[in-house]
Amino acid sequence: MNNLRVNSERLWDSLMEMGRIGATAGGGVGRLALTDLDRQARDLFVRWCEQAGCVVRVDRMGNIFARRQGSDDTRPPVMTGSHLDTQPLGGKFDGIYGVLAGLEIVRTLNDAGVRTLAPIDVVNWTDEEGVRFGSGTLASAVFSGLCEPDDALTRTDLDGNTFGTELERIGYAGNVAANGHPVAAFIEAHIEQGPILEAKGKTIGVVLGAQGQRCFRVTVDGEEGHAGTLPMEKRRDALVGAARMIDALNRLAFEHKPHPVITVGALQVRPNSRNTIPGRAVFSIDSRHPDNAVLATLAERMSQACDEIAGNADLALKFEQISHRATVAFDDGCISAIRDTASRLGIAHMDIYSGAGHDACNLARYTPTGMIFVPCEKGISHNEKEKALPQDLAAGCDVLLHVMLERAGIS
Ligand code: HGY
Ligand code: MN
Ligand code: MN
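Residues numbered from 1 in each chain as written. Chains lettered and ligands numbered in written order. Predicted model: local features only at pLDDT ≥ 70, side-chain atom pairs only at ≥ 80, totals over all residues. Heavy atoms only, no water.

(A) Seen up close, the domain arrangement of the chain. Entries for the chain in the domain assignment read domain 1 (8–211 + 327–408) and domain 2 (212–325). Centre-to-centre separation of domain 1 and domain 2, based on C-alpha positions: 33 Å. Tallying the contact residues gives 15 residues for domain 1 and 12 residues for domain 2. With both chains or domains summed, domain 1 and domain 2 bury close to 900 Å², and 46% of this area falls on carbon and sulfur atoms. The largest contributions to the domain 1 side of the interface with domain 2 come from L158, Q211 and T327, which together make up 51% of the buried area. (Domains from an automatic or database assignment. Contact = heavy atoms within 4.5 Å. Buried area = accessible area lost by both parts, 1.4 Å probe.)

So this is what it looks like as structure tokens:
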């Protein structure tokens, strides 16, 4: 069995075909969760899984589980997967690789006529990126018992659509209860989204854990006014206030060693008109650090900095925490299995820590969980230029195959 290898070309072709759904002019993919493009990607994934003989179920959060039966289905499944949704200007590999690597394992086992003892589940987690509904990995958090279904289903996007109504609209509001089924282990394959593996010349990252993350929504209220008639000293300009806050937050990040990462990625201005003084500005904050205590102190300091700026400019402020993910340590047994399998297959590997968040960070609180990273070019991700090499993607999938086989057993 040790000589079993995935079909690199088939994996690559599946990634390229999936990448055509929501392809952007810049060579990337823009496929936001719960849009018609997401539905098309889901439909393609479901079709492929059914063609591969899987039984497909969808839960209340729209998570898709493709099950390859084992010879002893009393055993809990060994699960792998990731997410098919992308950033607005994302790439072909972030998340999608983990989902299609799982499908490639099913296809490879079919070709080899191998039946595992435990079933294998390949999952597509809904809305890992959290672009539309404010915080990421909501659906795997619900599955892992970290978030109530209604708390997630009632989240709204900027147009006031709720998560739940958008799931219904695309036909993926499943009838399976969202609060998880027993899982023997969860292993997620993902591109590193950083430059370390490539710089060190390693093909496999044995992921030890992931840094903590706190996200916020900041609402700054001033007063609309005429851009031509209201003197500068009489203005309560919400956007100028927000700009000062964003600059202060950025400077705050450099005051801590090692640096946290603080990103303001989304900003809405009302009424967003050239000749009206902005009355309201709403922006997001994504803050991350490997130490939970530093992250908590940072939250305090960011709130104080915004408060002070608002007070000095006669602006009203609302500083709301939207999500909080503590640092995560993956399961020692999964980590050793990934490391030993990479060694046994003769693939260069190293231990690594994840700067990015993943669905695996939620599953780690529910079942023994591990992650396998493969390099991406120059570490570029959340960018249309995101690239990965077929041979690296196949190597990661081979490690995933043998780790899953070891866990699931062969009948
Ligand atoms: O934000 C993240 O870390 C993930 O890539 N969605
Ligand atoms: Mn991802
Ligand atoms: Mn991502």
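(B) Region of interest: the packing of aromatic side chains. Under the definition given, this model contains 8 aromatic pairs. An angle of 55° between the planes, with centres 5.2 Å apart, marks the rings of F133 and F163 as tilted. Here the residue F133 occupies a position in the loop between β4 (120–124) and α4 (138–143), and F163 occupies one in helix α6 (residues 163–169), the gap between them amounting to 30 residues. The buried category is assigned to F133, whose relative accessible area is 3%. The rings of F65, W125, F143, F186 and Y366 are connected pair by pair, giving a single aromatic cluster. When the ring centre of W48 is taken as reference, the NZ or CZ atom of R107 above it lies at 5.3 Å. (Phe/Tyr/Trp six-rings, centres within 6.5 Å; stacked < 30°, edge-to-face > 60°. Helix = DSSP H or I, 4+ residues; strand = E, 2+ residues; numbered from the N terminus. Buried < 20%, exposed > 50% of the residue type's maximum accessible area, 1.4 Å probe, protein only. Lys NZ or Arg CZ within 6 Å of the ring centre and 35° of its normal.)

(C) Inspection of the pairing of strand β5 (residues 185–191) at higher detail. In terms of residue burial, β5 counts as a mostly covered element, since 7 of its 7 residues are buried. Burial of β5 is two-sided: the residues A185, I187, A189 and I191 facing one way and the residues F186, E188 and H190 facing the other way are all buried. The pairing of strand β3 (residues 78–82) with β5 spans 3 bridges and is classified as parallel. Bridge pairing links V78 to A185 in β5. Alignment of β5 against strand β16 (residues 369–374), held across 6 bridges, turns out to be parallel. By the bridge assignment, I191 is partnered in β16 with V374. (Pairing = 2+ DSSP bridges.)

(D) Structural context of the coordination of the manganese ion (ligand 3). Those protein atoms acting as donors to the manganese ion (ligand 3) are D94 (OD), E129 (OE), E129 (OE) and H382 (NE2), and they sit at 2.2 to 2.7 Å. Here the donor residues of the manganese ion (ligand 3) are spaced in sequence according to D-x34-E-x252-H. For the pair the manganese ion (ligand 3) and the manganese ion (ligand 2), the metal-to-metal distance amounts to 3.5 Å, and D94 bridges them. Linking D94 in the loop between β3 and α3 (96–112) with H382 in the loop between β16 and α12 (390–408), this pair joins segments that are 288 residues apart in sequence. With a relative accessible area of 5%, D94 lands in the buried category. Using a relative accessible area of 41% as the deciding quantity, one classes H382 as partly exposed. (Donors = N, O, S within 2.8 Å, 3.2 Å for Na, K, Ca; no water.)

(E) Spotlight on the coordination of the manganese ion (ligand 2). H83 (NE2), D94 (OD) and H190 (NE2) make up the full set of protein donors to the manganese ion (ligand 2), lying at 2.1 to 2.3 Å. Sequence spacing of the donor residues for the manganese ion (ligand 2), all on one chain, is H-x10-D-x95-H.

(F) Here's a closer look at the environment of I277. Structurally, I277 can be placed in strand β11 (residues 276–277). Taking the relative accessible area as the measure of exposure, I277 reaches 3% and is therefore buried. Sequence separation between I277 and D237 is 40 residues, and the spatial gap between their C-alpha atoms is 6.0 Å. Other than its neighbours up to four places away in sequence, I277 contacts E223, E224, G225, H226, A227, L230, R235, D237 and P271.

(G) How the structure looks around unusual backbone geometry. Cis geometry is adopted by the peptide bond preceding P271, which originates at R270 and carries an omega value of 5°. In this fold, P271 is placed in the loop between β10 (267–270) and β11. For N272, which is not glycine, the phi torsion reads 65° and is therefore positive. Structurally, the position occupied by N272 is in the loop between β10 and β11. The backbone of K378 sits at a positive phi, close to 55°, despite the residue not being glycine.

(H) Looking closely at the state of the cysteines. Following the criterion strictly, the structure yields 0 disulfides and no others. For the unlinked cysteine C376, the closest cysteine sulfur is that of C361, found at 16 Å. Looking at the unpaired C397, the closest cysteine sulfur is the one in C49, lying at 13 Å. (Disulfide = S-S within 2.5 Å.)

(I) Structural context of the environment of L44. The residue L44 is located in helix α2 (residues 36–51) in this model. A relative accessible area of 5% means that L44 is categorised as buried. A C-alpha to C-alpha distance of 9.6 Å links L44 and I21, two positions 23 residues apart in sequence. Those residues in contact with L44, other than ones at most four positions away along the chain, are E17, M18 and I21.

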